Each structure stands twice: as C-alpha cells, then as structure tokens.
Number of protein chains: 4
Amino acid sequence: MPAKPGPARPDSGGTATAERASPSRQRLAPEERLPLLLEAAVAEFAEHSYAGASMAGVAARAGVGKGLLCHYFPGGKTELFKTAIRSCIQPIFEEAESLAAGFSGPRREMLRALIAMGYGRMMDRKELALFCLIFAEAGRSPELADFYAEEVLARATSLLDKVLRTGVESGEFRADTAGHACMAQVIIAPTIMGSIWRMMLGESKAPALAAMCEAHARLVLQGLAPTVTD
Amino acid sequence: MPAKPGPARPDSGGTATAERASPSRQRLAPEERLPLLLEAAVAEFAEHSYAGASMAGVAARAGVGKGLLCHYFPGGKTELFKTAIRSCIQPIFEEAESLAAGFSGPRREMLRALIAMGYGRMMDRKELALFCLIFAEAGRSPELADFYAEEVLARATSLLDKVLRTGVESGEFRADTAGHACMAQVIIAPTIMGSIWRMMLGESKAPALAAMCEAHARLVLQGLAPTVTD
Amino acid sequence: MPAKPGPARPDSGGTATAERASPSRQRLAPEERLPLLLEAAVAEFAEHSYAGASMAGVAARAGVGKGLLCHYFPGGKTELFKTAIRSCIQPIFEEAESLAAGFSGPRREMLRALIAMGYGRMMDRKELALFCLIFAEAGRSPELADFYAEEVLARATSLLDKVLRTGVESGEFRADTAGHACMAQVIIAPTIMGSIWRMMLGESKAPALAAMCEAHARLVLQGLAPTVTD
Amino acid sequence: MPAKPGPARPDSGGTATAERASPSRQRLAPEERLPLLLEAAVAEFAEHSYAGASMAGVAARAGVGKGLLCHYFPGGKTELFKTAIRSCIQPIFEEAESLAAGFSGPRREMLRALIAMGYGRMMDRKELALFCLIFAEAGRSPELADFYAEEVLARATSLLDKVLRTGVESGEFRADTAGHACMAQVIIAPTIMGSIWRMMLGESKAPALAAMCEAHARLVLQGLAPTVTD
DNA sequence: AATGAATGAGAATTCATTCAT
DNA sequence: AATGAATGAATTCTCATTCAT
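Residues numbered from 1 in each chain as written. Chains lettered and ligands numbered in written order. Predicted model: local features only at pLDDT ≥ 70, side-chain atom pairs only at ≥ 80, totals over all residues.

K.L.:
Would you mind going over the overall build of chain A with me for this structure?
P.N.:
For chain A, the helix and strand inventory stands at 9 helices and 0 strands. Helices and strands appear in chain A in the N-to-C order α-α-α-α-α-α-α-α-α. Put simply, chain A has 230 residues, and 45% of those count as buried. Here the analysis covers contacts within chain A between residues at least 6 apart in sequence; of these, 62% occur between residues at least 24 apart. (Helix = DSSP H or I, 4+ residues; strand = E, 2+ residues; numbered from the N terminus. Buried ≥ 20, exposed ≤ 12 C-beta atoms within 10 Å, placed from the backbone. Contact = placed C-beta atoms within 7 Å.)

So, in structure tokens, the structure goes:
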C-alpha cells in the first residue's frame, strides 16, 4: 500500500501558492540556528512534559515555522527530546569533571566541593525540569534508559568512586567504605532528590537548598570518617 | 466481503434489532467497580505516562465502556489520575506508620527497619512507575504538588524526624543531628532515588537493592553515631 | 521513547470541552453506516486517486466526522482503500459467475454474452475509476497485487478457461485453443482496456462501447472458430 | 554532543563563514542537465505514483538541490510529470513507426511483427510504471487525457488501421474488417494489458510474455483471416 | 449501571515552493 | 547555474468527551 501521505491534489487549479510575503524569513547558518531550537525545546518540554509538548510550541518559541524543526530533527519529537536532554546534561558533567580533575587538596574537601557544586547547579528551573523528565520517560524508552545509565549514572558514580577510593588510600575515609558496592549511589542520591523536589515544589515549598547541602555534607563526611575505635 | 466489517463488534451475534441481551454487560455495585477502574488506571498511567495514557485504554483494561469511566470520574482524566495516585501511595504510608507505631526497640534499629522497609516496598513496577509520575507532573499541577508536599514528603519527614529526635534524646544519635533542618530529607532521599532508578532502569541495570540498602544503612547509622570525641 | 502523540495538556484550565451542540449527530447501526462510508470512499478515491484522496474528504462526503472514519477503519487510509476496492469488485464477479452458472446454450453464445456483460458493466464512472486505481497502486502494494492476481485476474481467467475448454470439447472452438496458455487473458484484455479508456477519456473521447463490443466479439469468435481446413 | 548536529551537512567542513567552495556543485549546461533530471523524475514517479512522489526525492535522485528543479520546471510537479511521461512514450512510437515505415512484406507478417514489438518493449519496469500512471491520472487532468488520446491512442490506432486497410485491400484480411470501427483498439488492447499486468504483478506472477504474444498473434491472425465461406 | 457511535479540536509530519546566498 | 534554509498549508490520525440507546 502506498505510504507517503502526499498533500496536494494533482493537477486541478494549481494556484495554491505564489504571492506569500515572507514576514520574517531570517536565514541563519545551522550552527547558529541549532542552539536556538534546542533552547526553545528545553523550555517547551520543561513546561509540558514529553507527551504534552508540541512541536508547534517549540517552533513558535524559536520563532520559526514547524517545517524547519522537522528539517533539523528528521527523527521528529523523539530525536528533538533526546538532543535537548543531552544538551542540558552535558555542561553539568563537564563542570563536575573539570572540578575533579583540577582538585589537589584532601579528599574530604573535594567531596564537599562536589556536593556543593551539585546543589549550586540547581538554579535553572527549565534545565532541572528537563532533567527530571528522564525519570518519567526512561521507563518507556530503552534508549533513554541506556543513555541515563551510561551517560549519567555511571559517569557520576565513577567520578565519586574515584574520590572514595583515593580517600580510603590516604586514610581519610573508613577502610570498609570501598566494600560497599552502592556507596557512591547512596551519596549522590540526596543531591538528585534535591533537584527533583526543587523542580516539583518550587523554591518556596521545597527543602531549602543550603540546609540540604549542609546536612548532606555533614552526614556523608561523618559517615565516611574513620572512628577512633575502628 | 470486507475483512473487517465494522469497528469492534464484540458479540452482536443477534438479529437485526431487539433483544439487547449484552452478555458481558456486568452490572456491579460502585464499591466493587471502583477498585477495578483504579487498578486499570494505575496500569495505564504507569505504562504511558500522564499525557500518553488514554481514557479508552483504561476502560479497555477494566473491561468497561468509555462512558462508564466518565460516569465514575466526571472530572475526567485529571481526576482519575489524582485518584489513582492517591490509591497507590496510601498503603505505603500505612505500612510505614504502623511499623513506627509498634516499634519499641532502640532507635538505631528502628531507623534500620524503616530504611529496609523502603527498599522492600520497591517490588511492584506499576506502582513505582505511578509514583515517579508525580515528579514529572507536579510541576504542571499545583494541586498535585501540594498533595506531594503534604501527603508524601511532610508525612515521611515527620515520621523520620520523630525517630531522630527521640534517638538524640536517648543518646543514640549525635546531639547536633537535630540542628540540621533537612537531615530527614537527606536520609530518605536514597530510598526514593533507589525506587526511581529501579523503575527507570529495570532490575538488571539499576543499582542492586540489597547493596543500596546495606550501604545506605551503614552510611546513615555511622553518620549519625556520636563520636568518642564528640 | 514514548509513542502516543497525546493531545492535551495535563491539568491547566481543563475547560476545553463542554457545551458543544450536536448539529446532526445521527446514530446509526454499523451495518447501516458502513455502506455509506464505503460509498463515500469510492467516490473520493475515484476522484482523487489514492494518495490524493483525503480521509477528511471521505468523512465530509459521508457527512460524518473524521473520527468516525478512523473508528470504522482503524487501519487508516490503507484499510479503507482495500475495503472500498473489494466492495466495488465483488458485485461484478457475482454477476459474471451467476451468468455463467445459469447459462445452458452453446458456448459461442455464452462467450458473446460474457463479453457483452463486461461492456455493459462499464456504466458507473466512479466504480470504474476505482477499479483502474488498482493498476496504479498495485506496484507499490504487494498485498493489493496479490488481491488482484487471485481475486480478479485468476477468477476471470478461470471462468473463461472453462468456457473455452467446454467449447473445444463440443467442437465449437478450434481444437488448438486449449494449447495456448494465455488465450483467456488475451480474450478479456480488450474489455478491461475498454474500461480504462472509458474512465480516462470520458464517454465522448473514448472508443465507443458498442463498437468495441461488436468488434471484440467478432474478432474473438472468428479467431476461435474452427476453420474448414482445420 | 548531539547525535545529529543539524540537517544534512554535506561537506561544510570549513570555518565559520567565507570560502563557499562547494565541491559537489557541478555546473552543467541545460542540455546535459535536463535528461538527468527527467531520468530521476521517471524513477521517482514510477516508484511513488504521482501524488506520492516528492520534488525533493527527484532532486535527490538527480543529485541536485531542490531549487534547481524548480528552476528547470517552473510549472512545478505538474509540468515535470508531463514532461517525464512524454520523454518515456516518445521512443516507443518512434520505434513502432519506423518499423511500419520500413516494412515491405505481407500485412500478416507486419501485424505479427508489430504485436511482437509491443511485447518486446515491456522490459523496463520504470518506464512501464510511468506509462501506467497515465491511467490513474488522466481522469484528473484533462490535459493528460488529451495527450493520451491524441499522442498515444490515436497514434497507435492510425498505425494499425493502415495495416488493416492495406491488408483488406490485398485480400489478406477479411473484407468486413474495415467495417468495425474499433477493431484496431481491440487488437492492441491485449498488448497494453500485458504491460499493465507485468507492471502490477511482476515478472513472476504476470501472465508470461511469450505465451501472451503467441496467443495474441494467433487469435488476431485467425480472427482476421478470410474464411472459405466468406 | 452500562455501552459505544459520534464528534471535532489538535497533534505530528510532509511537502512544494521561495529566495538569500 | 546552483544551493538548501525557511515556510505554512494540508494531511492523517488520536483522543477526551457526550449522549442515544
């Protein structure tokens, strides 16, 4: 059975087009246009969730026609969503990894700095919202789940694991820390939940950022510290 | 001899008209029907997220006509969603609160038991998925956000705060524990994240439940324990 | 990645519907509605070809909403097209086969009657047009090609082959007729081409029906007749 | 690190701006470009039918930009279609007419040769497909219908009529042949149907070419032959 | 209480065409 | 001569909801 929908009637009349004024037709190089489209997509998805977001809404935010969006993302909404998510998450890890790479002081302080950075990053509601969307959508998209597992969770855990390992070696952290397989996941979990709560409940109702950061750092550092009797 | 003569034609074997004896038209009392509808709704929302779920899908799962669903939930999809979520979350808290009420041993053990209960609850993917949906939807529904803030987060933290307070009083936990406003939130965060990861990534790729529970309990109990020098 | 498009925004407002008057909402039993839909589809496809036809056009012709069409043909345009085609072709064969079954005279006359019936059937431009659409679409739809091969071509040739065979047996037709594998196809071809021309060119420009029928019958009967020297 | 940074980005390896040295931008003279465009159009139309074919598809097949196609065919898809069809049909008639012009033997043999030529021509699926498209589209394009009536059907019939007339004069064909207005149409019809079946059903399922040709020639030559009693 | 035929707004996507470069 | 970014109308299809039965 023929597939392509095909819009126009074959021959009849044929006027359909002509004299359409171009209201704002701004021609941009793809390198310039792409970030604008992604920014619009982030805002739209953040506001309406995945299924509720509309391509038309994204296009309108970006000030372009719907067609252009399809031109840039032939994979449709799906592809747009993935690309938008990637574009949000990338910079967070770049910051965290460069912080870790450039840090030379004691591991206690490094861990404290990484935790603080996590809470300090929770500023932009839009990016936060998009980040949280992964949780709702990954269950339906194996591809997204894989992306999260590999590009987010594994990346964060491996960063943290290295800190823990070197801290144990230097005697700053308890020797049995390394024996717990999911310690890194437990340690970052409150940061992520903090993001989620902040996004869900807004600044006024969510647990205060500074207080969470303080309690989090305290619990973790005390929990990892070697005891005298140890 | 069209292949599919009409739309779903479940049974209409009968003659031209008359005798509308509908074999599957099962008349149920509202008290019996309601739970069936909610169960179907939970499954549908879990599978398709809020916006992607369809009323027809829920009705089909429940084995009823669309009309009946609208009859039971005149507020439409929105109302159905809220009711379904409430029906999922209720039992979790009932269990946690009854556990807390009946516990008489040391606070350390009670905290450990509560943490373990949290991980033990993460069994049903469907309920888990619905639980995670709140994160994605609350941003758009103030009512849902309020529900979460009051019926979930506040309820959980107040439960935990009581444990911490009495533990400090009994000398089991560090004296400065109570000074940290968000300690309870930090403590439950890994449990919730554990649910989320499990839901997102599935049993095979998510951090192992037992390992997380073990690391979590260890970190928390050590982090709260009074030090010799304290 | 989530699949369902999902239309509405989750919670906001929620007025969307209500007070929509029903202008003409006529409830019909599927057995009554279906033929109306098919008739409309035949007309639309005949006028616009497959790709050019629109579901909205069919719905409008039938005086129903677009939704109902999708309700009856969940397979979409594809399914509608196939069903419409079947509904057009069925009666032609029923007529031909009942004519053949009830005919008891000499095979010459039976053959002449069948040819005449073919030309006599070419009355309805719409059905004719739909019939011709198979030619254009079968190349892209193996399923349609199979349908044509089995339900149309094979059925017609087997009908004709039987006439030829019995005619040879009775001595009315040349003994070597049966030796030509595609004689039946060659014999019906002008009838089909006649339909095509009539559909393409209209009554005024197409070869005259009566003349074609006359020339066709003459050529075939003379071509099959045993010669004296045979 | 988006997977697909922008839309097709053929080569733009260069720096931000400047140096628009396009490697593939091949400048061709119109006489050279035109046949390439038409060949691409034939392939695209053959594969997707009229309404289903896309200008972008044609441009891509030809390896040019969409703009150039519009430049060559300002009349749009309609014009492109007509031109492509003409370019396909032209050579067939040139061959048939030159065959007829150069033939000097008996009319029987000439007729047999013309029939054989028709079947011999049915080799290229693409051209065949385009040829069959006329049937589907002519109903909607009076211009196309006129083209077919005059440039195809009339041309073929007049060629054949001449053969029949001279054959009657030479005594090779029955005297009453000329009295039948549509004899020529009836005679060529099986050839055209053979093309259509071949195109629709493919080589494997369509009636065998050689068998049809043989049966066709036999029926026609016997049908036209004067009988002893004539 | 229960059904499902019917609706129509709105979603994604495609496409011929224009025009700045 | 040639390109491809940009447009926006048109198309298919979905879906929450209503209401006659």
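Next comes the rest of the account.
K.L.:
Honestly, the relation of the copies chain B and chain A in this entry has me stumped. Any pointers?
P.N.:
The operation relating the pair of chain copies consists of a rotation about an axis and a translation along that axis. The operation relating chain B to chain A is a screw motion whose rotation component is 180 degrees, with 0.1 Å of axial translation and a residual RMSD of 0.2 Å. The superposition of one copy onto the other is thereby described by a two-fold rotation axis. Within chain B, B:Gly223 has its C-alpha nearest the rotation axis, a separation of 1.7 Å. (Least-squares fit on C-alpha atoms with pLDDT ≥ 70 in both.)

K.L.:
Would you mind showing me how to read the interface of chain B and chain A here?
P.N.:
Across the contact, 44 residues belong to chain B and 45 residues belong to chain A. For the side of chain B that touches chain A, the secondary-structure elements that each account for two or more residues are helix H1 (30-52), helix H6 (125-138), helix H7 (142-169), helix H8 (183-205) and helix H9 (209-224) of chain B. It is H8(B) that contributes the most residues to the side of chain B that touches chain A, 12 residues altogether. Tallied by class, the residues present in the side of chain B that touches chain A amount to 30 nonpolar, 9 polar and 5 charged. (Nonpolar A, V, L, I, M, F, W, Y, C, P; charged D, E, K, R; others polar.)

K.L.:
Hey, could you run me through the packing of helix H8 (residues 183-205) of chain C against helix H9 (residues 209-224) of chain C in this one?
P.N.:
Relative orientation and spacing of two packed helices are given, respectively, by the angle between their axes and the distance between those axes. Residue and element names in this part refer to chain C. Interaxial distance between H8 and H9 falls to 10 Å at its minimum, and their mutual angle equals 170 degrees. The orientation of H8 with respect to H9, classified from their angle, is roughly antiparallel. Between H8 and H9, the residues in contact are Ile187, Pro190, Gly194 and Arg198 and Leu209, Met212, His216 and Val220, respectively. Its residues assigned to classes, the contact of H8 with H9 shows 5 nonpolar, 2 polar and 1 charged. (Axes fitted to C-alpha atoms, helices over the stretch in contact; angles between N-to-C directions. Parallel < 35°, antiparallel > 145°, perpendicular 65-115°, else oblique.)

K.L.:
Teacher, can you tell me more about helix H5 (residues 107-120) of chain B here?
P.N.:
Every α-helical turn comprises 3.6 residues, leaving residues that sit three or four positions apart pointing alike. Residues and elements named next belong to chain B. Taking 1.5 Å per residue, 14 residues should reach 20 Å; H5 reaches 19 Å between its end C-alpha atoms and fits that length. Every buried residue belonging to H5 is among Arg107, Leu111, Leu114, Ile115, Gly118 and Tyr119, and all of these are buried. Projected down its long axis, H5 carries its buried residues within an arc of 140 degrees, all on one side. Buried residues along H5 sit in contact with helix H4 (76-101), H7, H8 and H9. (Expected span 1.5 Å × (residues − 1). Arc of directions from axis to C-beta.)

K.L.:
Can you walk me through the environment of C:Leu68 in this structure?
P.N.:
Residues and elements named next belong to chain C. Note on placement: Leu68 falls in helix H3 (residues 66-72). Residue class for Leu68 comes out partly exposed when judged on the 16 C-beta atoms lying within 10 Å of it. For Leu68 and Arg33, which are 35 residues apart along the polypeptide, the C-alpha to C-alpha distance reads 10.0 Å.

K.L.:
Any chance you could explain helix H7 (residues 142-169) of chain C here in plain terms?
P.N.:
Over its 28 residues, H7(C) extends 38 Å from the first C-alpha to the last, a length consistent with the 40 Å expected when each residue adds 1.5 Å. Of the positions making up H7(C), those classed as buried are C:Leu144, C:Ala145, C:Tyr148, C:Leu153, C:Ala156, C:Leu160, C:Val163, C:Leu164 and C:Gly167. Looking at the buried side of H7(C), the elements it contacts are helix H4 (76-101), helix H5 (107-120), helix H6 (125-137) and H8 of chain C together with helix H8 (183-205) of chain D. A positive backbone phi angle near 85 degrees is found at C:Gly171, which sits one or two residues after H7(C).

K.L.:
What's the story with the confidence of the model for chain A in this structure? I'm lost.
P.N.:
One rule of thumb: low pLDDT means the predicted coordinates there are not for detailed reading. Residue and element names in this part refer to chain A. On average, residues of chain A score 86 in pLDDT, and 87% of them reach the 70 mark or higher. Taking the mean pLDDT of every element in chain A, the minimum, 84, falls on helix H6 (residues 125-137) and the maximum, 95, on helix H9 (residues 209-224). Contacts of residues 1-23 to residues separated by more than four positions or lying in other chains number 32 contacts, the stretch itself having pLDDT below 50. (pLDDT = per-residue confidence, 0-100.)

K.L.:
What's the story with unusual backbone geometry in this structure? I'm lost.
P.N.:
Residues apart from glycine generally show negative phi values, whereas peptide bonds are mostly found in trans. All names here are of chain B. For Ser49, which is not glycine, the phi torsion reads 65 degrees and is therefore positive. Within the secondary structure, Ser49 is located in helix H1. Taking the C-beta count within 10 Å as the criterion, Ser49 has 28 such neighbours and is therefore assigned buried.

K.L.:
Mind showing me how you'd approach the environment of D:Pro207 here?
P.N.:
Inspection of the secondary structure assignment puts D:Pro207 in the loop between H8 and helix H9 (209-224). Taking the C-beta count within 10 Å as the criterion, D:Pro207 has 22 such neighbours and is therefore assigned buried. The contact partners of D:Pro207, leaving out residues within four places of it in the chain, are C:Cys182, C:Gln185, D:Gly194, D:Trp197 and D:Met212.

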